[in-house]
Amino acid sequence: MAVAEKFLAGHPENPLAPFLDQLTSDFDSAAMLIDKIDDAFDVLDTDGTERVDFSKLAEGLFRYNCASSRTYQRFSEQAWAHLTQNGSLCFDGHALDRRSFRMMMLEQIRMFIQ
């Protein structure tokens with residue numbers, strides 16, 4: 001299986017799958033979904049820099065999965081590279097700003113719900 005296929009949003013090995021499931025479980029408009037994505041960004045941006053990097057996302061996914069009693073799928077740098085399109089979505093080469101985070105999450109949600 002190709003790396004790109006392995007980390008598609010709907011793939012059971014995708015560490016974002018439980019998080020995407022929760023994000024898409026209860027919204028009734030695009031604006032509400034964007035608000036939920038922005039809320040997630042705010043939670044992940046633990047130092048208030050308006051940036052989410054690999055470490056922040058990995059730690060946030062770990063905390064989310066532990067809090068929800070879900071099995072944690074290790075979030076790898078390979079998954080990060082795929083999600084950020086090999087860094088092309090990153091604002092400064094290694095972190096996502098709010099706009100890029102939205103773009104990444106919307107693409108993952110699109111694939112997840114198909």
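This one's a predicted model, so the numbers in the text were calculated from it and none came from an experiment.

Here is what the cut-offs are and how they apply
Each chain carries its own residue numbering, running from 1 in the direction its sequence is written. Local features in a predicted model are, by the rule used here, given only for residues with pLDDT of at least 70; side-chain atom pairs are given and counted only at 80 or more, and totals for whole chains, interfaces and linings are based on all residues. The side-chain quantities take in all heavy atoms of the structure and omit both hydrogens and water. By definition, any uninterrupted DSSP run of H or I lasting at least four residues is a helix, any uninterrupted run of E lasting at least two residues is a strand, and each is numbered from the N terminus. Note on classification: 1.4 Å probe, protein chains only; a residue is buried when its accessible area is under 20% of the maximum for its type, exposed when over 50%, partly exposed between these limits. Any pair of residues with heavy atoms lying within 4.5 Å of one another is described as a contacting pair. Only the protein chains shown count as covering a residue, and every accessible area follows the Shrake-Rupley method with a 1.4 Å probe. To define a nonpolar core, start from buried Ala, Val, Leu, Ile, Met, Phe, Trp, Tyr and Cys residues and group those joined through side-chain atoms within 4.5 Å. Here a pair means two rings of Phe, Tyr or Trp (six-membered ring of Trp) with centres within 6.5 Å. Their orientation is stacked below 30 degrees between planes, edge-to-face above 60, and tilted elsewhere. By the criterion adopted, a ring carries a charge over it if an Arg CZ or a Lys NZ lies within 6 Å of its centre and within 35 degrees of its normal. How far a helix is expected to stretch is found by multiplying one less than its residue total by 1.5 Å. The reported arc concerns the directions from the helix axis to the C-beta atoms and nothing else.

Enquirer: Got a minute to help me understand the overall build of the protein chain in this structure?
Expert: Helix and strand counts for the protein chain come out as 6 helices and 2 strands. A buried classification covers 42% of the 114 residues belonging to the protein chain. Put simply, 56% of the contacts in the protein chain that link residues at least 6 apart link residues at least 24 apart. Approximately 6,300 Å² of the protein chain is accessible, and the part contributed by carbon and sulfur atoms is 52%.

Enquirer: Explain the nonpolar core here, please?
Expert: Formed by 25 residues in total, the largest nonpolar core has its most connected members in F19, L57, F75, F101, M104 and M105. Of all the secondary structure elements, the ones that give two or more residues to this core are α2 (17-23), α3 (30-44), α4 (54-67), α5 (77-83) and α6 (98-113). It is α3 that provides the largest number of residues to this core, a total of 5 residues. Residues within four places of M105 in sequence aside, it is in contact with F19, L20, L23 and I37.

Enquirer: Even after reading the chapter, I still don't get the environment of L44, so can you show me in this structure?
Expert: Within the element layout of this structure, L44 appears in helix α3. Along the backbone, L44 and E59 are 15 residues apart, and their C-alpha atoms lie at a distance of 8.2 Å. Those residues in contact with L44 that sit more than four places away from it in its chain are V52, K56, L57, G60 and F101.

Enquirer: Explain the packing of aromatic side chains to me, please; I cannot follow it from the model alone.
Expert: Between two aromatic rings, the relevant description is the distance of the centres plus the angle of the planes. All chains considered together, the criterion is met by 3 aromatic pairs. Here F54 and F75 contribute two aromatic rings whose centre-to-centre distance is 5.6 Å and whose plane-to-plane angle is 20°, an arrangement assigned as stacked. Remark: F75 occurs in the loop between α4 and α5 and F54 occurs in helix α4; sequence separation between them is 21 residues. Here the aromatic rings of F54 and W80 are separated by 6.5 Å at their centres, their planes lie at 75°, and the arrangement is edge-to-face. Here F54, found in helix α4, pairs with W80, found in helix α5; they are 26 residues apart in sequence, far enough to count as distant. Aromatic rings pair up to connect F54, F75 and W80 into one cluster. If you follow R51 out to its NZ or CZ, it ends over the ring of F91, 3.7 Å from the centre.

Enquirer: What is the right way to look at unusual backbone geometry in this model?
Expert: For E50, which is not glycine, the phi dihedral falls at a positive 65°. By the secondary structure assignment, E50 is in the loop between α3 and β1 (52-53). Since its relative accessible area comes to 34%, E50 is described here as partly exposed. With phi around 55°, N86 is a residue other than glycine that occupies positive phi space.

Enquirer: Just checking my understanding: could you explain the side chain of T84 for this structure?
Expert: Following the sequence through the fold, T84 ends up in the loop between α5 and β2 (95-96). With sequence-adjacent residues up to four places away left out, T84 is seen in contact with L89, C90 and L96.

Enquirer: I keep staring at α6 and nothing clicks. Help me out?
Expert: Owing to its 3.6 residues per turn, the α-helix aligns residues three or four sequence positions apart on the same side. For α6, spanning 16 residues, the distance from its first C-alpha to its last is 22 Å, which sits close to the expected 22 Å at 1.5 Å a residue. Regarding α6, the residues found buried are R98, S100, F101, M104, M105, Q108, I109 and M111. With its buried residues spanning 165° around the axis, α6 presents them on a single face. For α6, the exposed residues set more than 90 degrees away from the buried face come down to R99 and I113.

The values are spatial; any link to function lies outside them.
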